[in-house]
Amino acid sequence: MNKKIVLSLASVLLLTACANEGTNETGPAEEEPEEAMTEPLEAQETSEEEIGAAEVDEGGTHVFDQLITEKTFTAPEGYQGWEDYKIATDGVSLADFTMTNKETPNVNELDGDSAAELDERFEALGERENVVRDEIEITERDKMAFHRYPPAADSEYNEVASFFSEITLYYVDDNLMFSAITPGYYSVELDDMLDLQELTSLLTVSELEALEPSVYTVARMNIDGHQIEQIMTPAFAIDEDGNEMLMAFYLFIEGEDILQYAYLPFELVSQDFPTNAILVSQEMIAEFESL
């Protein structure tokens, strides 16, 4: 049995449905998605070094290993970023997003890995030619760190692309809250674009794999004690006037199961993929806590 609930959270419209009854670099606190639609439906090359209390295990895997390939990754030239992201974030501790710490985090409630611990993980990967680490402070308490993967020295894209892929790490009170990998330079192939309605019917990662979607965002967060994986792919939707619109379609996954989805205009999201991934996730907190 399905049931649908319409909720309004700030300027974000959340449409939720439970199945089976039995969007320029700005910080998350500075920008809000204009309108997001969400619906719930019912976790290489490696390093063997021990980093702090955590160890990067050889052969570490990701729930999206079969889904993300050089063919489906947005920018194949930035695929090394995906390989490094899997290794460096494997087994990290993320602080928990909850309704109580969403707006005014209490450092005593947060237990994510620190920026120094993540830096050690990336250093353990070995030398990565020309990869740039950058950092911006959003407020006194939160910041974002970036690892950007530029074109090769002899690449034909040198004059048009500063980087192909970007790993983003979001910290509050020096506790890791959110990790993501997103594109820098990218293109959108409109041929064979997925249909949004088809994506809303999916229940498992295996069903998503069968569609071979182009992947523009992969992210991870903890919400109310659950490790949630986020993935975003573009899809066409039809508006109320019958016009075709390109949307950024986010799926929220725990294990193999697709729990919820959300979508925003792709044009909005593409202005800042990492920030919009964080914003959409923050707006989902109440939805996950109600499951």
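**Student:** What is the right way to read helix α6 (residues 273-283) from this model?
**Tutor:** Since the α-helix turns once every 3.6 residues, residues separated by three or four places project in the same direction. Extensive coverage of α6 is indicated by the burial of 11 of its 11 residues. Of all the residues in α6, the buried ones are Phe273, Pro274, Thr275, Asn276, Ala277, Ile278, Leu279, Val280, Ser281, Gln282 and Glu283.

**Student:** I tried to follow the side chain of histidine 62 on my own but got confused; where do I start?
**Tutor:** Structurally, histidine 62 can be placed in the loop between β5 (54-55) and α1 (79-89). A polar side-chain atom of histidine 62 sits 3.0 Å from the main-chain amide nitrogen of phenylalanine 64.

**Student:** Mind showing me how you'd approach the nonpolar core here?
**Tutor:** General note: in soluble globular proteins, nonpolar side chains tend to be found buried as a group. Counting 41 residues, the largest nonpolar core has Phe64, Ile68, Trp82, Leu169, Val218, Ile231 and Phe249 as its most contacted members. A per-element tally of this core places α1 first, with five residues. Sequence-distant contacts of isoleucine 68, that is, excluding residues within four places in its chain, are made with Phe73, Tyr79, Trp82, Val215 and Val218. Leu110, Tyr170, Met221 and Ala248 belong to the second-largest nonpolar core, a separate cluster that totals 33 residues.

**Student:** Quick question: what am I supposed to make of the packing of aromatic side chains here?
**Tutor:** The geometry of an aromatic ring pair is captured by the separation of the ring centres together with the interplanar angle, meaning the angle of the planes. Under the counting rule described, the total for this entry stands at 14 aromatic pairs. Judged by centre distance (5.9 Å) and plane angle (80 degrees), the ring pair of phenylalanine 73 and tyrosine 79 falls under edge-to-face. Judged by relative accessible area, which is 5%, phenylalanine 73 ranks as buried. Considering the side-chain rings of phenylalanine 249 and tyrosine 263, the 6.1 Å spacing of their centres and the 10 degrees angle between planes classify their relative orientation as stacked. Placement of the pair is phenylalanine 249 in strand β13 (residues 244-254) and tyrosine 263 in strand β14 (residues 257-265), with a sequence separation of 14 residues. The exposure class of phenylalanine 249 is buried, given its relative accessible area of 0%.

**Student:** Please clarify how the pattern of salt bridges should be interpreted in this entry.
**Tutor:** If charged atoms from side chains of opposite charge come close, those side chains can pair. Considering all chains together, one arrives at 11 salt bridges under this definition. A salt bridge links glutamate 135 to lysine 143; the shortest N-O distance between them is 3.6 Å. As a salt-bridge pair, aspartate 173 and arginine 141 come within 2.5 Å of each other at their nearest N and O atoms. Of the two residues, aspartate 173 sits in the loop between β9 (165-172) and β10 (175-183) while arginine 141 sits in the loop between β7 (132-137) and β8 (142-149), which places them 32 residues apart along the sequence. With a relative accessible area of 22%, aspartate 173 lands in the partly exposed category. Three or more residues joined by partner-sharing salt bridges are found here, namely Asp119, Arg133, Glu135 and Lys143.

**Student:** Before we go on, may I ask you to explain the confidence of the model for the protein chain in this structure?
**Tutor:** If pLDDT is low for a region, its predicted coordinates should not be looked at in detail. For the protein chain, per-residue confidence averages 78 on the pLDDT scale, and 75% of positions sit at 70 or higher. Scored below 50 in pLDDT, residues 1-35 shows 101 contacts in the model against residues more than four places distant or in partner chains. Below a pLDDT of 50 lies the segment residues 40-59, which in the model reaches 64 contacts outside its immediate sequence neighbourhood of four places, other chains included.

**Student:** Looking at this structure, I do not really get the environment of alanine 210. What am I missing?
**Tutor:** By the secondary structure assignment, alanine 210 is in helix α4 (residues 205-211). A relative accessible area of 65% places alanine 210 in the exposed class. Here the alpha-carbon distance between alanine 210 and leucine 67, two residues 143 residues apart in the chain, equals 8.4 Å.

**Student:** Can you help me understand a negative patch on the surface in this one?
**Tutor:** Together, Glu117, Glu120, Glu123 and Asp174 make up a negatively charged patch on the protein surface. Among the secondary structure elements, glutamate 123 is positioned in helix α2 (residues 115-123). What makes glutamate 123 exposed here is its relative accessible area of 61%.

How each quantity is defined
Numbering of residues starts from 1 in each chain and follows the order in which that chain's sequence is written. At least 70 in pLDDT is required for a residue's local features to be given in this predicted model, at least 80 for side-chain atom pairs to be given and counted, and no such filter applies to totals for whole chains, interfaces and linings, which use all residues. Side-chain descriptors were evaluated using all non-hydrogen atoms of the structure, hydrogens and water having been removed beforehand. For each residue, the accessible area found with a 1.4 Å probe, counting protein chains only, is set against the maximum for its type, and the residue is called buried under 20%, exposed over 50%, and partly exposed in between. Helix numbers and strand numbers start at the N terminus; a helix is a DSSP run of H or I with at least 4 residues, a strand a run of E with at least 2. Side-chain atoms alone can form a polar contact between residues adjacent in sequence; in general such a contact is a pair of N or O atoms within 3.5 Å, and within protein one must be able to donate a hydrogen while the other accepts it. Take the buried Ala, Val, Leu, Ile, Met, Phe, Trp, Tyr and Cys residues and link them wherever side-chain atoms come within 4.5 Å; each set so joined is a nonpolar core. Throughout, a residue-residue contact means that at least one pair of heavy atoms, one from each residue, lies within 4.5 Å. Pairing of aromatic rings covers Phe, Tyr and the six-membered ring of Trp, with a centre-to-centre limit of 6.5 Å; geometry is then stacked below 30 degrees between planes, edge-to-face above 60, and tilted otherwise. We define a salt bridge as a contact between a side-chain nitrogen of Lys or Arg and a carboxyl oxygen of Asp or Glu at a distance within 4 Å. pLDDT: the predictor's confidence for each residue, scored from 0 to 100. Residues enter a patch when their relative accessible area is above 30% and they make no salt bridge; the linking distance is 9 Å between like charges and 5 Å between nonpolar side chains (Val, Leu, Ile, Met, Phe, Trp, Tyr). Computed by Shrake-Rupley with a 1.4 Å probe, the accessible areas treat only the displayed protein chains as cover when residues are assessed. The sign given to each residue is positive for Lys and Arg and negative for Asp and Glu; His and the chain ends receive no count. We put the charge of a Lys on NZ, of an Arg on CZ, of an Asp on CG and of a Glu on CD.

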